[in-house]
Amino acid sequence: MPELAPIPFARLNLEQVRERLLAAAAFGESLSPDQLEALAGKLSTGLTIYIEATQNRAPRPQPAAAPGRACLDFRSRRY
């Protein structure tokens with residue numbers, strides 16, 4: 001099986017954790033400490049990959065404010 005790129009790998013890990021927790025909740029299953037630790041590890045790995053992928057991005061440039069208008073409404077429009 002080919003190796004996945006980092007973001008799809010992270011997405012797969014997070015989806016597997018979500019599916020396992022949903023299945024446990026839906027059927028009233030209890031998870032052992034070892035199972036919870038494995039799920040926590042997958043969650044941590046996935047989040048770490050997302051953080052590393054997004055930290056290197058440049059911040060979005062903010063539009064110049066209209067003179068005397070510093071506030072934004074809920075649609076991010078200046079008023």
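Our subject is the structure that appears above.
All residue numbers refer to positions counted from 1 along the written sequence of the respective chain. Note on the predicted model: pLDDT of at least 70 is required for a residue's local features to be given, and 80 or more for side-chain atom pairs to be given and counted; whole-chain, interface and lining totals, by contrast, use all residues. Calculated side-chain values reflect all of the structure's heavy atoms, with hydrogen atoms and water omitted.

With that settled, consider the overall build of the protein chain. Where helices and strands are cited, they refer to DSSP runs of H or I of at least four residues and of E of at least two residues respectively, numbered from the N terminus. Helices and strands together make up the secondary structure of the protein chain, namely 2 helices and 0 strands. A simple rule labels every residue: compare its accessible area, found with a 1.4 Å probe on the protein chains alone, to the largest value its type can have, and call it buried under 20%, exposed over 50%, or partly exposed in between. Counting the 79 residues in the protein chain, one finds 10% classified as buried. Contacts are assigned to residue pairs with any non-hydrogen atoms lying within 4.5 Å of each other. Across the protein chain, contacts joining residues at least 24 apart in sequence account for 45% of those joining residues at least 6 apart.

Attention now goes to helix α2 (residues 33–55). For α2, spanning 23 residues, the distance from its first C-alpha to its last is 32 Å, which sits close to the expected 33 Å at 1.5 Å a residue. All of the buried residues along α2 are Leu39, Gly46 and Ile49. Against α1 (6–26) lie the buried residues of α2. The span expected for a helix works out to 1.5 Å for each residue beyond the first.

This part covers the pattern of salt bridges. Any Lys or Arg side-chain nitrogen located within 4 Å of an Asp or Glu carboxyl oxygen qualifies as a salt bridge. Counted according to the given criterion, the structure contains 1 salt bridge. Arg20 is the partner of Glu29 in a salt bridge, and the nearest nitrogen-oxygen pair spans 3.0 Å.

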